[in-house]
Amino acid sequence: MRILVNTISTKKHSGGAYQIANNFLRKTLEHPEIEWLYVVSSDLDAVLPDEMKGKDNYYVFPTQPDYKGSYKRVKQELRELERQVKPDVVYSITAPSYFTFETPEVMRFTNPLVAHPNKYSWKVQPFKAKPRLLLYCWNQKRLIKKAKYFITQTETTKQGILRITHLPENHVCVVNNVLPAAFANQDTTHINDDSKWIEVACVGAPVPHKNFDLLPDVLSELHKLAVDNVRFHTTIHETDPLWKKISERLNIMGYSERVMNHGRVTQTELAEMYRHCKFCYLPTLLEVFSASTVEAMFFDLKIVATDFGFNKEVLGDSCLYYEPMNAADAAKQFKKLFDDVELQGVFSERMKKQLEKYGDYDRHFNAILNYLVEVAKKCV
């Protein structure tokens, strides 16, 4: 069985997809029963182990799509490579990758703005960016309609893909997200700094639908509830316009010390940050299956999350939910959680049960591999 893993469109600033591709490719080294072929973006190549490189099954291309540069050349080279190596199936981890294949392709598709958008997720998009974003989503719909097989992370997203493509149910396979392999052996013991702060993790990429710009308002609403010792921990790059916007508001409101921004961090640094926190805030307005959700459960962080189906599908009854974009309701739920130690204990036990579904990377990898093999055999 020859499986070509396509990560040509995996960018280093693409959030979870970058780590997902990194983890998957590394795991393939433990499965020599498959003849693996790797088409790797230059961004991803920079972090993969040397033992994968320099072999005749490993091909590096400039990260795509690069329409103003190498795209046409890479498109031709990729087509020639496919005809030369003759894979049984192509697995595109970051999809659509803006390339088509003659070989049956399984797309890992996880764009919620295409699959299952909502009024909140569009409301927070910058006005000037909306026309370009609408065109982007239209193009992604056009591209996925050409595909016949998909892997995604939740039933919510699967139903969105089926609505767009009108494919049979068994052409879309749900493989839940899982705790990143790098966290599996991390120490989860909380570090008690004995400080005045209630430390709350708020992790994710600086994109509008994550709704991190609500943080100053949540702090303001907590103040009205006489809770003035909450400190949020974020991972927004220091030069990102979102951080400038948040920090300016924090300064005006006198809350500059109430959000500690760590910038981009490694998974090891992120684990250390989690250990210093006891709670987690998930203000997201649109998601497929955020790794932050599983990470928070793994580190036993008590969670306040937006009241959406995609969160409830993963978290179940192990956290408190609030009305999206409603800072007052978020603050109310935090106050309830801070004040009720017994409830925190209940949520700890419930999170352990939820995490049993998402803590086994071997099971996750094998589910993907089995589906790829199934598609390859079906298409012979």
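Up top is the structure these notes are about.
Conventions and cut-offs
The numbering scheme is per chain: residues are counted from 1 as the chain's sequence reads. Thresholds applied to this predicted model are a pLDDT of at least 70 for local features of residues and 80 or more for the giving and counting of side-chain atom pairs; totals over whole chains, interfaces and linings are not thresholded and use all residues. Just so you know, side-chain values use all the structure's heavy atoms and leave hydrogens and water out. Helix numbering and strand numbering both begin at the N terminus, where a helix is a DSSP run of H or I of at least 4 residues and a strand a DSSP run of E of at least 2. Just to be clear, the radius of gyration here is over C-alpha atoms, and the globule rule we use is 2.2 Å times residues to the power 0.38. Partly exposed residues are those whose accessible area sits between 20% and 50% of the maximum for their type, while under 20% is buried and over 50% is exposed, using a 1.4 Å probe and protein chains only. In this analysis, two residues are considered to be in contact whenever any of their non-hydrogen atoms come within 4.5 Å of each other. With residues, only the protein chains shown are counted as cover, and all accessible areas are computed by Shrake-Rupley using a 1.4 Å probe. Two residue types count as positive, namely Lys and Arg, and two as negative, namely Asp and Glu; His and chain ends fall outside the count. Working definition for charges: the position is that of NZ of Lys, CZ of Arg, CG of Asp or CD of Glu. The pairing criterion is simple: DSSP has to find at least two bridges between the two strands. Between the N-to-C directions of two axes lies an angle of 0 to 180 degrees, each axis being a line fitted to C-alpha atoms and, for a helix, fitted only over the stretch in contact. A pairing counts as a salt bridge when a side-chain nitrogen of Lys or Arg comes within 4 Å of a carboxyl oxygen of Asp or Glu.

## Topic: the overall build of the protein chain
Reasoning step 1: Along the protein chain, the regular secondary structure elements total 15 helices and 13 strands.
Reasoning step 2: For the protein chain, the C-alpha radius of gyration of 21 Å lies close to 21 Å, the compact-globule estimate for 380 residues.
Reasoning step 3: With respect to the principal axes defined by its C-alpha atoms, the protein chain has extents near 65 × 45 × 40 Å.
Reasoning step 4: The 380 residues of the protein chain split such that 56% are buried.
Reasoning step 5: For the protein chain, the proportion of contacts with a sequence separation of at least 24, taken over those separated by at least 6, is 67%.
Reasoning step 6: Put simply, the protein chain shows about 17,500 Å² of open surface, and 51% of that area lies on carbon and sulfur atoms.
Reasoning step 7: The positive charge centre, built from 50 side chains, and the negative charge centre, built from 47, are 7 Å apart in the protein chain.

## Remarks on unusual backbone geometry
If a residue is not glycine, its phi is most likely negative; likewise, a peptide bond is most likely trans.
Reasoning step 1: Omega for the bond connecting Gln64 with Pro65 falls within 30 degrees of zero, at 0 degrees, which places this linkage in the cis form.
Reasoning step 2: Mapped onto the fold, Pro65 is located in the loop between strand 3 (58-61) and helix 3 (71-85).
Reasoning step 3: Note the cis peptide between Ala95 and Pro96, where omega equals -5 degrees.
Reasoning step 4: For Pro96, the location among the structural elements is in the loop between strand 4 (89-92) and strand 5 (105-108).
Reasoning step 5: Even without being a glycine, Ala226 presents a positive backbone phi close to 65 degrees.

## A short note on the sheet that holds strand 13 (residues 320-322)
Reasoning step 1: In space, the six strands of this open sheet follow the order 10-9-8-11-12-13, with parallel pairing throughout. Two strands in the sheet have a free side with no partner beyond their single neighbour: strand 10 (259-261) and strand 13. Taken pair by pair, the neighbouring strands of this sheet meet at an average axis angle of 25 degrees, ignoring direction.
Reasoning step 2: The pairing of strand 8 (residues 198-201) with strand 11 (residues 279-282) spans two bridges and is parallel. Counted as the bridge partner of Ala201 is Cys280 from strand 11.
Reasoning step 3: Its contacts with the sheet place helix 13 (residues 327-339) against strand 8, strand 9 (230-234), strand 11, strand 12 (302-306) and strand 13, and it is angled at close to 165 degrees to strand 13.

## Section: the pairing of strand 5
Reasoning step 1: Residues of strand 5 alternate between two faces, with Glu105 and Met107 on one and Val106 and Arg108 on the opposite face, all of them buried.
Reasoning step 2: Bridging between strand 4 and strand 5 involves three bridges; their strand directions are parallel. Directly across from Val90, in strand 5, lies its bridge partner Glu105.
Reasoning step 3: Two strands pair when backbone bridges link them, and strand 5 and strand 6 (residues 149-152) are joined in this way by three bridges, in the parallel orientation. For Val106, the partnering residue across the bridge sits in strand 6 and is Tyr149.

## Points about the sheet that holds strand 2 (residues 35-41)
Reasoning step 1: Spatial strand order, 3-2-1-4-5-6-7: seven strands in an open sheet with parallel pairing. Two strands bound the open sheet, and with one partner strand each, they are strand 3 and strand 7 (172-174). Adjacent strand axes in the sheet meet at a mean angle of 20 degrees when their direction is disregarded.
Reasoning step 2: For strand 1 (residues 2-7) and strand 2, the ladder comprises six bridges, and the chain directions are parallel. Residue pairing in the sheet places Ile3 in a bridge with Trp36 of strand 2.
Reasoning step 3: Relative to strand 3, helix 3 is tilted by about 170 degrees, and along the sheet it contacts strand 1, strand 2 and strand 3.
Reasoning step 4: The sheet contacts of helix 15 (residues 361-378) involve strand 1, strand 2, strand 4, strand 5, strand 6 and strand 7, and relative to strand 6 the element is tilted by about 175 degrees.

## Describing the pattern of salt bridges
Reasoning step 1: Considering all chains together, one arrives at 22 salt bridges under this definition.
Reasoning step 2: Between Arg231 and Glu199 there is a salt bridge; the shortest N-O distance is 2.6 Å. Highlighted residues: Arg231 in strand 9 and Glu199 in strand 8, separated in sequence by 32 residues. Grouping residues by exposure puts Arg231 and Glu199 together as buried.
Reasoning step 3: A salt bridge links Asp213 to Lys245; the nearest nitrogen and oxygen atoms lie 3.1 Å apart. On the criterion of sequence distance, the pair formed by Asp213 in the loop between strand 8 and helix 8 (215-224) and Lys245 in helix 9 (residues 241-253) is long-range, its members being 32 residues apart.

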